[in-house]
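Survey of secondary and tertiary structure
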Amino acid sequence: MAQNNTLTTVDSTVDSAVNPYYENLPAYMTDVYGWAYVDPKKVFFLDHNWVVRILLFFNDQRLIHAYLDEVREGMRIWQVAHVYGDLVKRVAEKVGSQGIFHLTDITLVQTEHAKRKLADKPWCKVIHSDAANFTGEKNIDYDIICSFFLLHEVPENKKHQIVDHMLAKLPKGGKAVFIDYSNPTKWHPIRYILRIVNHLLEPFAHTLWKNEISHYASKAEQFIWKKKILFGGVYQCVIVTHKGWSE
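Basis of the calculations
Residues numbered from 1 in each chain as written. Predicted model: local features only at pLDDT ≥ 70, side-chain atom pairs only at ≥ 80, totals over all residues. Heavy atoms only, no water. Helix = DSSP H or I, 4+ residues; strand = E, 2+ residues; numbered from the N terminus. Rg over C-alpha atoms; globule rule 2.2 N^0.38 Å. Buried < 20%, exposed > 50% of the residue type's maximum accessible area, 1.4 Å probe, protein only. Pairing = 2+ DSSP bridges. Right-handed = clockwise from strand over helix to strand, strands pointing away. Axes fitted to C-alpha atoms, helices over the stretch in contact; angles between N-to-C directions. Contact = heavy atoms within 4.5 Å. Core = buried A, V, L, I, M, F, W, Y, C linked by side-chain atoms within 4.5 Å. Expected span 1.5 Å × (residues − 1). Arc of directions from axis to C-beta. Salt bridge = Lys/Arg side-chain N within 4 Å of Asp/Glu carboxyl O. Phe/Tyr/Trp six-rings, centres within 6.5 Å; stacked < 30°, edge-to-face > 60°. Patch = residues over 30% accessible without salt bridge, like charges linked within 9 Å, V, L, I, M, F, W, Y side chains within 5 Å. Areas by Shrake-Rupley, 256 points an atom, 1.4 Å probe, with all protein chains shown as cover.

1. Considerations on the overall build of the protein
Across its full length, the protein holds 10 helices and 7 strands. For 247 residues, the compact-globule formula gives about 18 Å, and the C-alpha radius of gyration of the protein, at 18 Å, lands near that figure. Each of the three principal axes of the protein carries a C-alpha extent, and together these read 50 × 50 × 30 Å. Counting the 247 residues in the protein, one finds 53% classified as buried.

This is how it looks when you write it as C-alpha cells:
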C-alpha cells in the first residue's frame, strides 16, 4: 500500500455558535489547559523557544538532545503531542525525506499550528487524534514513539491509557522515549518552585514524583526500562524496548 506523506486536513466545520477549538475536548484540556493549548491567541504568544527555555529552567537543549540523540536519518517516528518551540521541526529535519514523522495532538489549534511549521516537509504528517487511541497507518511500524512532556499534563487514567497504547504500537526493535518531570532531590531549589507551580497550574504532575513511568504500563514486565535522571532529578528520560531484543 502506498504511503500517504501529505499533511492531513482536519474538518473544522461546526455550528457558528460553538468555538471549534474547544469542541469535543476532554474536560481537563478546557478546564486546566485551555489558556495554554486551546486558545489560538495564547498559542501564538507561547510558541517560542525562549518561552520553552524559561519553563524548563534553561534545560531545554539538554532535554531536546536526549530525544534527538535517539533519532537517525530515515527513521519512522510518531510523536504523541505537539511541543512548543522548534523541536518538531528539528526532529523532522533529522529524520529527513527518507523517513516518516507523524505528529498527533488532541487539540485542533495545535494540529493546525503544527501543520504550518511542517508544511515544507512532505514526509511529515500531522493528525488530529488522541494519543491514547491513535490507530496509525497500515504497514508503518515506528522506530521511535516519543512522549515529550505530555504525561505530567494528563490525569492518572489517561497516563495509563497513553503509556499502554504507545507500548502496544511499539514493534520489536523500536524504542519508546518518555521525557518528562521526575522527583527532584530534596536539596534542589526547583523542587519547591515546582510544588507551587503544580498546585496552581499543573494538577496532574505531582504523581510523576512518586510513580515511575513503568507504573502506568499494564505489561511493564515485558519491556526493559532505562531511566536517566537530569538536572538533579527535576527531569527524566526513559527509554523503553522489548525484552530479549538487542540492537
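2. Observations regarding the pairing of strand S2 (residues 100-105)
S2 sits mainly inside the fold: 6 of its 6 residues count as buried. Here S2 shows no split at all, with Ile100, His102 and Thr104 on one side and Phe101, Leu103 and Asp105 on the other all buried. Taken together, the 4 bridges between strand S1 (residues 76-79) and S2 define a ladder with parallel strand orientation. Looking across to S2, one finds that Arg76 is bridged to Ile100. In this fold, S1 hands off to helix H6 (residues 87-95), which returns the chain to S2; that crossover is right-handed.

3. Some thoughts on the sheet that holds strand S3 (residues 124-128)
Read across the open sheet, the 7 strands follow the order S3-S2-S1-S4-S5-S7-S6; overall the sheet is mixed. A strand with exactly one partner marks an edge of an open sheet, and here the two such strands are S3 and strand S6 (223-230). Taken pair by pair, the neighbouring strands of this sheet meet at an average axis angle of 15°, ignoring direction. Contacting S1, strand S4 (144-148), strand S5 (175-181), S6 and strand S7 (235-242), helix H8 (residues 156-168) runs over the sheet at an angle of about 155° to S5.

4. Brief notes about the nonpolar core
Counting residues in hydrophobic clusters, the biggest one holds 44 residues, and the most contacted among them are Tyr67, Ile77, Val91, Phe101, Phe148 and Ile179. Setting aside residues up to four positions removed in sequence, Phe101 forms contacts with Tyr67, Ile77, Gln79, Val88, Val91, Ala92, Leu118, Trp123, Cys124 and Lys125. Within the second largest apolar cluster, 36 residues are counted, among which are Ala132, Val163, Ala220 and Val238.

5. Focus: helix H9 (residues 189-200)
End to end, H9 covers 18 Å across 12 residues, agreeing with the expected 16 Å (1.5 Å per residue, within 8%). Among the residues of H9, Ile190, Arg191, Leu194 and Asn198 are the ones counted as buried. One side of H9 carries all its buried residues, which in axial view fall inside an arc of 100°. Those residues of H9 that are exposed and angled more than 90 degrees off the buried face are Pro189, Ile196, His199 and Leu200. On the buried face of H9, the contacting elements are S5 and helix H10 (207-210).

6. Considerations on the pattern of salt bridges
As enumerated under the stated definition, the model contains 11 salt bridges in all. Between Asp47 and Lys117 there is a salt bridge whose closest N-O contact spans 3.0 Å. With a gap of 70 residues between them, Asp47 in the loop between helix H3 (40-46) and helix H4 (49-55) and Lys117 in helix H7 (residues 108-117) connect regions that are remote in the sequence. Like Asp47, the residue Lys117 is buried in the burial classification. With a shortest N-O distance of 3.4 Å, Glu156 and Lys159 are connected by a salt bridge. Note that Glu156 and Lys159 are positioned in helix H8 at a spacing of 3 residues, about one turn of the helix.

7. Quick word on the side chain of Lys121
Position of Lys121 relative to the elements: it lies in the loop between H7 and S3. For Lys121, a relative accessible area of 5% translates into the label buried. Filtering out sequence-adjacent residues up to four positions away, Lys121 remains in contact with Lys89, Ala92 and Glu93.

8. Regarding the packing of aromatic side chains
Any aromatic ring pair is given by two values, namely how distant the centres are and how the planes are angled relative to each other. With the rule as written, the count across this model stands at 12 aromatic pairs. On the basis of an interplanar angle of 85° and a centroid distance of 6.4 Å, the ring pair of Phe45 and Trp50 is categorised as edge-to-face. Exposure remark for Phe45: the relative accessible area of 51% places this residue in the exposed category. The class for Trp50 is partly exposed, based on a relative accessible area of 47%. Three or more aromatic residues joined by ring pairs form one cluster here, namely Tyr67, Phe148, Phe149, Tyr181, Phe231 and Tyr235.

9. Describing a nonpolar patch on the surface
A surface patch of nonpolar side chains, about 420 Å² in accessible area, is lined by Trp35, Ile196, Leu200 and Leu201. Structurally, Leu200 is set in helix H9. Judged by its relative accessible area of 61%, Leu200 falls in the exposed class.

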